[in-house]
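# Close look at the chain arrangement
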Amino acid sequence: MTRTRWMAAVAFGSLILAATPSLAQQASSAPAAAAGAPAPASRGLSLKDLAMMERVSEPRVSPDGRQILYAVRTTDWDGNKGVNGLWLVDVSGGEPHRLAISEGGASGARWAPDGGAIYFLSSRGGSNQVWRTDAAGMAAAQVTTLPFDVSGFRIAPDGKSLVLAVSVFVDCDTLACTKTRLDARGKSTLQTYDRLPLRDFDHWVDTRRTHLFVQPLNGSGLSGGEPRDLMAGLDADVSAGDSSFDISPDGRTLVYGTQTQGGGEAFTSNSDVFRVALDGGAPVNLTEANKGSDGNPVFSPNGRQLAWLSAPRENVGGDQAAVWVADADGTGARKLTDWDRGAGGLQWRTDGRSLLVSAADEGQNRLFSVDARTGRITPLTGNGTVGAYEERAGVLAYAHESFVAPTQIFIQTRGEPRQISRQNAEVLAQLDLPKGEAFTFAGWNNEPVQGWVFKPAGAVEGRRYPAVYLIHGGPKSPWTENWSYRWNPQVYTAAGYAVVMINFHGSPGYGQAFTDAINDHWGDRPLEDLEKGWAALSSNPWIDGDRACALGASYGGYMVNMIAGKWNGPWRCLVNHAGVFDVPQLMNAMDIGNFIWEFGGPSWERKAVYDAFNPETYAGDWKTPMLVLHGSKDFRVPMEQGLATFSALQRQGVPSRFVHVPDENHWVLKPRTWVDWQQEILDWVGRYTAPAG
């Protein structure tokens with residue numbers, strides 16, 4: 001499940017001869033558009049290949065449009081962690097290079113308005129603060145010295161101040177007050193709460209709220225005075241992300257999205273866009289009339305218009321957001337788009353005549369341009385998934401990935417897009433990465449449903465291969481053609497499996513009605529799609545349907561438990577990571593207070609629906625061997641759900657294994673831990689899909 005705020009080596013030759021998966025893989029990855037002739041691909045993607053890949057993100061275009069700054073996360077294998085750094089490349093060409101200041105760790109970078117400096121976040125001084133370097137990235141100077149972490153920032157257009165995202169106690173008048181209270185709390189282990197939420201994803205909340213502060217800068221671009229809280233006394237949180245707040249081009253006004261319901265905040269998705277002067281004053285709610293989610297406010301380049309995203313319905317997961325535009329003060333608001341897709345990542349284009357959005361669209365996550373006058377929508381990218389993007393000085397830069405290629409940075413000015421980053425080129429050239437073959441079948445209500453099927457790496461014509469059925473989480477988080485560092489189908493193709501993935505009803509990208517179809521129907525309509533998708537492949541000549549396992553995480557783990565009770569016939573084994581055993585308990589213990597509306601309300605008011613779609617109801621029919629994996633820091637689907645699943649299996653004598661990941665949350669993020677975790681999955685599936693005898 002996701003939140004809006006909220007995946008001993010056997011030689012491959014013998015793999016092919018036996019047509020059976022290895023219990024531990026060899027190495028691999030994806031073809032790259034690098035200079036020079038690549039070496040012939042000869043192997044599949046290994047677990048360590050994937051864990052060690054450099055992860056590219058966050059392109060930032062220089063104000064003059066001549067350079068692209070981007071982030072790269074490398075892996076410290078011995079330290080079992082990722083390390084963030086910054087790279088720079090000329091738009092005109094040349095080799096990208098890593099900035100020297102990356103040595104201390106650097107992320108969240110932004111260009112100064114004049115292009116003469118780069119600001120970034122780093123914890124090299126002990127806490128996460130804003131730092132500054134010259135445009136060449138040679139030396140770093142600390143800008144902020146707050147007594148606790150800065151989680152995000154923006155630079156005012158005149159370069160004379162920053163807007164910082166900082167977590168403080170609402171009733172504290174100074175940062176020192178918050179620091180004193182935190183220090184005092186550190187002397188006791190007792191924690192008390194008078195309202196929800198108690199926990200957020202992987203940590204207990206400390207009741208601070210993230211506020212936006214204006215930080216004056218001196219002539220050297222460093223801190224020039226005390227920061228001032230622009231949300232003083234407001235019981236509200238603002239995310240530190242790119243889409244959460246914006247500064248007007250004249251530097252006088254701040255807009256941000258937040259919730260202000262106080263104790264009732266946990267039970268509603270209703271959020272609003274607020275406007276406040278950087279000089280101070282009371283924030284003004286610009287979207288009070290809408291009871292759904294409003295956010296992602298952005299000023300037009302000339303400062304005359306304000307745009308934001310608005311979803312109309314309260315507490316409806318997957319409600320598609322539309323683009324709204326208004327005058328800069330919020331008056332004259334009108335709905336710009338009427339589009340059966342959910343827009344995200346709203347930004348203005350350089351000329352102010354159109355905007356950029358991304359959206360899930362039939363198994364892709366594309367970038368689109370939206371005409372600011374007519375609302376006409378034009379796709380800018382084709383297959384694959386677009387992540388972060390930015391346009392300045394007429395240069396559009398975006399991060400793009402696919403099933404066969406990890407993220408790279410592309411730019412587009414006029415003509416075709418051009419790749420400018422070259423991370424992982426050497427390993428990618430060695431790898432055999434099968435393409436996903438899309439197929440469509442008639443699912444629930446005889447409606448078209450999309451899926452993908454992958455051949456194993458090195459597949460030989462005429463041979464049949466065991467299969468894994470990957471089931472996505474969310475449930476409103478679709479498979480898109482992307483490169484995953486959690487559930488990557490190439491991990492399984494490399495191990496000798498065919499891979500099947502289905503975007504069942506509830507998956508965004510196929511229209512609002514398709515997404516809404518899962519509401520009150522977690523356990524039947526998606527299951528029908530999965531059954532029919534599997535049946536649609538029954539005549540596939542290279543899939544051995546008698547040697548197959550179903551794997552899922554989060555909602556996918558919930559569905560694995562439902563499959564265990566209602567559709568266990570085809571499966572040799574099941575794999576359940578962070579899955580759900582008892583839905584009523586989940587809804588009352590998880591960190592998202594309004595998630596109950598997936599089932600139409602609280603469990604005590606909707607018992608028939610909860611019982612019908614609760615895996616616990618069907619646990620007495622479980623008989624298929626199941627691997628259960630769960631992290632202790634998982635507060636999205638608390639670990640008690642995994643413990644209950646394993647207990648039910650053990651009590652009935654069903655072959656089962658529990659893998660406890662004590663230092664991970666809903667996801668497994670540490671590189672060595674991820675390799676060990678994934679190896680447990682491969683070993684389990686390999687054991688049960690091995691050919692008889």
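Residues numbered from 1 in each chain as written. Predicted model: local features only at pLDDT ≥ 70, side-chain atom pairs only at ≥ 80, totals over all residues. Heavy atoms only, no water.

### Overview of the overall build of the chain
For the chain, the helix and strand inventory stands at 12 helices and 38 strands. Relative to its length of 693 residues, the chain is compact, with a C-alpha radius of gyration of 25 Å against a globular reference of 26 Å. Across its three principal axes, the chain shows a C-alpha extent of roughly 75 × 65 × 55 Å. Taking all 693 residues of the chain together, the buried fraction comes to 57%. In the structure as shown, the chain presents an accessible area of about 27500 Å², 49% of it carried by carbon and sulfur atoms. A distance of 2 Å separates the average location of the 62 positive side-chain charges in the chain from that of its 74 negative side-chain charges. (Helix = DSSP H or I, 4+ residues; strand = E, 2+ residues; numbered from the N terminus. Rg over C-alpha atoms; globule rule 2.2 N^0.38 Å. Buried < 20%, exposed > 50% of the residue type's maximum accessible area, 1.4 Å probe, protein only. Areas by Shrake-Rupley, 256 points an atom, 1.4 Å probe, with all protein chains shown as cover. Lys, Arg positive; Asp, Glu negative; His and termini not counted. Charge placed at Lys NZ, Arg CZ, Asp CG, Glu CD.)

### Some points on a nonpolar patch on the surface
Together, Leu196, Leu198, Trp204 and Phe267 make up a nonpolar patch on the protein surface, roughly 360 Å² of accessible area in all. Within the secondary structure, phenylalanine 267 sits in the loop between β16 (253-258) and β17 (272-277). We classify phenylalanine 267 as partly exposed; its relative accessible area is 45%. (Patch = residues over 30% accessible without salt bridge, like charges linked within 9 Å, V, L, I, M, F, W, Y side chains within 5 Å. Salt bridge = Lys/Arg side-chain N within 4 Å of Asp/Glu carboxyl O.)

### Some points on the nonpolar core
Core analysis: the largest hydrophobic core is formed by 54 residues, its most contacted members being Tyr469, Val500, Ile502, Tyr558, Met559, Trp571 and Met587. When residues in this core are grouped by element, the largest group, 7 residues, is from helix α8 (residues 555-566). Core analysis: the second largest hydrophobic core is formed by 44 residues, Trp77, Phe454, Leu551 and Val661 among them. (Core = buried A, V, L, I, M, F, W, Y, C linked by side-chain atoms within 4.5 Å.)

### Digging into helix α12 (residues 671-689)
Counted at 1.5 Å a residue, the expected span for α12 with its 19 residues is 27 Å, and the 27 Å between its end C-alpha atoms agrees. Within α12, 14 of the 19 residues are buried, leaving the element largely enclosed by the surrounding structure. (Expected span 1.5 Å × (residues − 1).)

### Looking at the packing of aromatic side chains
By the definition in use, this model includes 27 aromatic pairs. Through a chain of ring-to-ring contacts, the aromatic side chains of Phe504, Trp522, Tyr555, Tyr558, Phe595, Phe599 and Tyr610 assemble into a single cluster. Sitting over the face of the ring of tryptophan 204, arginine 199 holds its NZ or CZ atom 5.2 Å from the ring centroid. (Phe/Tyr/Trp six-rings, centres within 6.5 Å; stacked < 30°, edge-to-face > 60°. Lys NZ or Arg CZ within 6 Å of the ring centre and 35° of its normal.)

### Considering the sheet that holds strand β6 (residues 117-122)
Either a parallel or an antiparallel arrangement is found when strands of a sheet pair, and the pairing is made through backbone hydrogen bonds. Read across the sheet, 4 strands follow the order β5-β6-β7-β8 without closing on themselves; strand pairing throughout is antiparallel. Of all the strands in the sheet, just β5 (107-111) and β8 (140-142) have a single pairing partner and so form its edges. On average, each strand axis in the sheet is tilted by 30° relative to the strand beside it, whichever way the strands run. Inspection of the sheet shows strand β7 (residues 129-134) paired to β8 by 3 bridges, in the antiparallel sense. Residue arginine 132 lies in a different strand from β8, and its bridge partner there is alanine 141. (Pairing = 2+ DSSP bridges. Axes fitted to C-alpha atoms, helices over the stretch in contact; angles between N-to-C directions.)

### Here's the deal with the state of the cysteines
Think of a disulfide as a covalent bridge from one cysteine sulfur atom to another cysteine sulfur atom. What the rule picks out here adds up to 2 disulfides. Put simply, cysteine 549 and cysteine 573 are joined by a disulfide, and their sulfur atoms are 2.1 Å apart. Torsion about the S-S bond of the cysteine 549 and cysteine 573 cystine: about 115°, corresponding to right-handed handedness. A residue pair is termed long-range when its members are at least 10 positions apart, and cysteine 549 in strand β35 (residues 543-553) and cysteine 573 in strand β36 (residues 573-577) qualify at 24 residues. In this pair, the class of cysteine 549 matches that of cysteine 573, namely buried. Cysteines bonded in the chain are numbered consecutively along the chain; their disulfide partners then correspond to 1-2, 3-4. (Disulfide = S-S within 2.5 Å.)

### So, the pattern of salt bridges
One pass over the full model with this rule turns up 27 salt bridges. Notably, a salt bridge pairs arginine 313 with aspartate 319, separated by 2.8 Å at the nearest N-O pair. Beyond isolated ion pairs, a larger network of salt bridges with shared partners links Arg195, Arg209, Asp235, Asp237 and Glu265.

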